[in-house]
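# Structural overview
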Amino acid sequence: IKQVRDHYKSVHPTQKPVRLLERLLALVAKKGDVVFDPFGGSFSTMEAVLNMGLNGISCEIDPLYYNDGKNRIEQYAR
């Protein structure tokens, strides 16, 4: 699967494109499912989950990435 990635807006060094994650989730998830991402990073997966109307749980051990990702999702939810 090819998907363009904007490297200049990345929060995390291995940040995945949200559209790519949406395409992958569409293959396996349906409304009402809960997606678990144990390596949250920049929380791209959680943004994809919200875009698709799914529920999600994510974890991130690094406080810097956790706070950046949390802020990203809070801004998205507004």
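Residues numbered from 1 in each chain as written. Predicted model: local features only at pLDDT ≥ 70, side-chain atom pairs only at ≥ 80, totals over all residues. Heavy atoms only, no water.

## Some words on the side chain of Thr45
Its place among the elements puts Thr45 in helix α2 (residues 44–51). The exposure class assigned to Thr45 is buried, which follows from its relative accessible area of 16%. A polar contact of 3.3 Å, which involves the side chain of Thr45, links it to the side chain of Asp37. Excluding residues that lie within four positions of it along the chain, Thr45 makes contacts with Leu21, Val35 and Asp37. (Helix = DSSP H or I, 4+ residues; strand = E, 2+ residues; numbered from the N terminus. Buried < 20%, exposed > 50% of the residue type's maximum accessible area, 1.4 Å probe, protein only. Polar contact = N/O pair within 3.5 Å; in protein donor to acceptor, adjacent residues only side chain to side chain. Contact = heavy atoms within 4.5 Å.)

## Focus: the confidence of the model for the protein
When pLDDT is averaged along the protein, the result is 86; 82% of the residues meet or exceed 70. Of all helices and strands in the protein, the one with the weakest mean pLDDT is helix α3 (residues 63–77) (89), whereas strand β1 (residues 34–37) scores best (96). (pLDDT = per-residue confidence, 0-100.)

## Re the packing of aromatic side chains
Under the criterion given, the structure shown has one aromatic pair. Judged by centre distance (6.1 Å) and plane angle (70 degrees), the rings of Phe43 and Tyr66 are edge-to-face. Of this pair, Phe43 sits in the loop between β1 and α2 while Tyr66 sits in helix α3, and the two are 23 residues apart along the sequence. We classify Tyr66 as partly exposed; its relative accessible area is 34%. (Phe/Tyr/Trp six-rings, centres within 6.5 Å; stacked < 30°, edge-to-face > 60°.)

## Quick word on helix α1 (residues 18–28)
Within the sequence span of α1, burial applies to Val18, Leu20, Leu21, Glu22 and Leu25. On the buried face of α1, the contacting elements are β1, α2 and α3.

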